Amino acid sequence: ITEVQTVRKFIIDTDVGGDDAAALVMALREPSIEILGITTLGGNVPIENTTKNALQAVEECGRDVPVYMGCAKPLMRDLITADNVHGKDGMGDCGLIHPTRKPEKMHAVEFILETVAANPDEVEIVALGPVSNIALAIMKDRETMKKVKHIWSMGTSGFGAGNITPVAEFNVFVDAESYSVMLNSGIPMTIAGFDLCLGDAAFTPDELDELMISPLGRFIAEGNRVKLGFNEKLTGIPFVDLPDAVAMAAALYPEVVTEAITAHCYCCTKETATYGQVIIYDIAKPFSVKYDIPETFTKVVKSIDPALFKARLKKSLGINSEWR
Ligand code: RIB
Ligand code: CA
C-alpha cells in the first residue's frame, strides 16, 4: 500500500530583506507544498517595506499567496533595522519593488491562530525574522499554538559568533523576549543558526553574477547586491550570505542537513551585554552546572551540504545545471 503523502502546509513569517526573498522564492517555487500565507513584521527594514517586498516576491513567482501584516516593532523595545545590510527598501535599493497587490486586512497574529486552529498538527511555520508575531500568538492563545506541527527558525548564531553583537544574532537580538517565549513554548522546533550560511554556503561575486541569467535569479542577485559591499567593508572579502535561504532549504529538503543535535536552549534577555545570546545546551554533553535552563528540546542544525543547498536554490531560481 503506497503511503499517502500529505501535502505539507506552511506559514512563512518574515522581515523581507534580500535573503528572506531568496527563501520565499524557494518556497513559492516548490510545487509539492502549500503556502497558507505569509506574515510580515518589522526587522531588516520597517514593516511597510518588508510587506511590499513580500508582495513583490509572491508576484515575481506568479503565485496567489496572501500576505498579512503583523508587529511593526518588538514587544518590549524599539525596532532596530539592518538597512545598512539590505538597502533602505530591504531589496538593494534598485527599483525592484513595485507590487500591484495589497496585504490582507486581518492581522498576522489572528491569521496564524485562525489557520493553526483550522489545520491542527499540520501547519509548519518558517520564521525568517524576529519572532514577535509568533510570541504574540503564543501569549494570546497558547493552547492553539500547541497544535503547530513544527517551527523552523532562522535564528541564533548557532555554533558561531554573533553578527549584531559578539554573541547575538540579529533576529533574536531585535526581540529576545519573543525568542525566549517561542523557545519555552514546547512547540517542536528546529534552529538554523547564522553560522551555517558562511564559508562554502556563501556566494562569491561571480556566483552571484551567475544567478543573473534568469528573471528570478536577477531579482535575488540584485536584491542582495548591497550585502557584497557590506561584507567587504566588514571582513575585507566581498560575499553574499543567505541565512534565511539556508533555513528554508533545511525545512524543505531534510537531505540538505548533514548534522543536527538536540539541545535545551536558553535565550538571554536580562543583561545588556548578553541580550539576544542563545546558549545551546547539547543534551549529549551532560554539563555539570545547569542553571535555570528550560527543559524543552530544540533541534539545532550543526552542518549542511553547501553544494546541495546551492543546487536547490538555483533550481528554484530557474537555473539548473544544464544552463552551465
Ligand atoms: O541574522 C540574519 C537574519 O537577520 C536574517 O534573517 C536576515 O534576513 C535578518 O532578518
Ligand atoms: Ca530575515
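Quick note: structure is the one above.
To start, this report covers the structure provided alongside it. (Residues numbered from 1 in each chain as written. Chains lettered and ligands numbered in written order. Predicted model: local features only at pLDDT ≥ 70, side-chain atom pairs only at ≥ 80, totals over all residues. Heavy atoms only, no water.)

Here we take up the overall build of the protein. Looking only at helices and strands, the protein features 13 helices and 9 strands. Rg of the C-alpha trace for the protein: 18 Å, near the compact-globule value of 20 Å for 324 residues, within the 12% margin. Counting only C-alpha atoms, the protein reaches 50 × 50 × 45 Å along its principal axes. For the protein, with 324 residues in total, the buried portion stands at 56%. The long-range share in the protein, meaning contacts at least 24 apart out of those at least 6 apart in sequence, stands at 80%. On the protein, roughly 13600 Å² of surface is accessible, and the fraction owed to carbon and sulfur atoms is 56%. Each charge class in the protein was averaged separately, 30 positive and 44 negative side chains, and the resulting centres sit 2 Å apart. (Helix = DSSP H or I, 4+ residues; strand = E, 2+ residues; numbered from the N terminus. Rg over C-alpha atoms; globule rule 2.2 N^0.38 Å. Buried < 20%, exposed > 50% of the residue type's maximum accessible area, 1.4 Å probe, protein only. Contact = heavy atoms within 4.5 Å. Areas by Shrake-Rupley, 256 points an atom, 1.4 Å probe, with all protein chains shown as cover. Lys, Arg positive; Asp, Glu negative; His and termini not counted. Charge placed at Lys NZ, Arg CZ, Asp CG, Glu CD.)

Bringing the packing of helix α1 (residues 18-28) against helix α12 (residues 243-252) into the picture now. Axis angle and axis distance: for two packed helices, these are the angle between their axes and the distance between the axes, and together they describe the pair. At a minimum axis distance of 6 Å, the contact between α1 and α12 shows a crossing angle of 25°. Overall, the two elements α1 and α12 adopt an arrangement that is roughly parallel. The interaxial crossing formed by α1 with α12 has right-handed handedness. Mapping the contact onto sequence places Asp-19, Asp-20, Ala-22, Ala-23, Met-26 and Ala-27 in α1 and Pro-243, Asp-244, Ala-245, Met-248, Ala-249 and Leu-252 in α12. The residue inventory of the contact of α1 with α12, partitioned by class, reads 9 nonpolar, no polar and 3 charged. (Axes fitted to C-alpha atoms, helices over the stretch in contact; angles between N-to-C directions. Parallel < 35°, antiparallel > 145°, perpendicular 65-115°, else oblique. Left-handed = near helix turned anticlockwise from the far one by under 90°. Nonpolar A, V, L, I, M, F, W, Y, C, P; charged D, E, K, R; others polar.)

On to the coordination of the calcium ion (ligand 2). Each protein donor to the calcium ion (ligand 2) is listed here as Asp-15 (OD), Asp-20 (OD), Asp-20 (OD), Leu-128 (O) and Asp-244 (OD); together their distances run 2.3 to 2.6 Å. Of note, the donors binding the calcium ion (ligand 2) are all from one chain and are spaced D-x4-D-x107-L-x115-D. Taken together, the positions of Asp-15 in the loop between β1 (8-14) and α1 and Asp-244 in helix α12 put the pair 229 residues apart, joining distant regions of the chain. For the pair formed by Asp-15 and Asp-244, the shared burial category is buried. (Donors = N, O, S within 2.8 Å, 3.2 Å for Na, K, Ca; no water.)

Attention now moves to the pattern of salt bridges. Enumeration according to the criterion identifies 12 salt bridges in this entry. With its nearest N and O atoms 3.4 Å apart, the salt bridge here joins Lys-9 to Glu-122. Note that Lys-9 is positioned in strand β1 and Glu-122 in the loop between α4 (108-118) and β4 (123-127), a separation of 113 residues in sequence. Overall, the relative accessible area of 15% leaves Lys-9 in the buried class. The closest approach of N and O atoms between Lys-88 and Asp-83, which form a salt bridge, is 2.8 Å. Look at Asp-83 and you get partly exposed, because its relative accessible area is 28%. Linked through salt bridges whose partners overlap, the residues forming this network are Asp-209, Glu-222 and Arg-225. (Salt bridge = Lys/Arg side-chain N within 4 Å of Asp/Glu carboxyl O.)

Looking now at the site of ligand 1. What surrounds ligand 1 is a group of 13 residues, the closest being Asp-19, Asn-163, Glu-169, Asn-171 and Asp-244. At 2.9 Å from an oxygen atom of ligand 1 is found a main-chain nitrogen or oxygen belonging to Leu-128. Residue Asn-171 places a side-chain N or O atom 2.8 Å away from an oxygen atom belonging to ligand 1. Compared with its free state, where it exposes 270 Å², ligand 1 has 95% of that area covered by protein. The set of elements that each furnish at least two residues to the shell around ligand 1 consists of α1, α7 (170-174) and α12. Here the shell around ligand 1 is composed, by residue class, of 5 nonpolar, 3 polar and 5 charged. (Near = heavy atom within 4 Å. Polar contact = N/O pair within 3.5 Å; in protein donor to acceptor, adjacent residues only side chain to side chain.)

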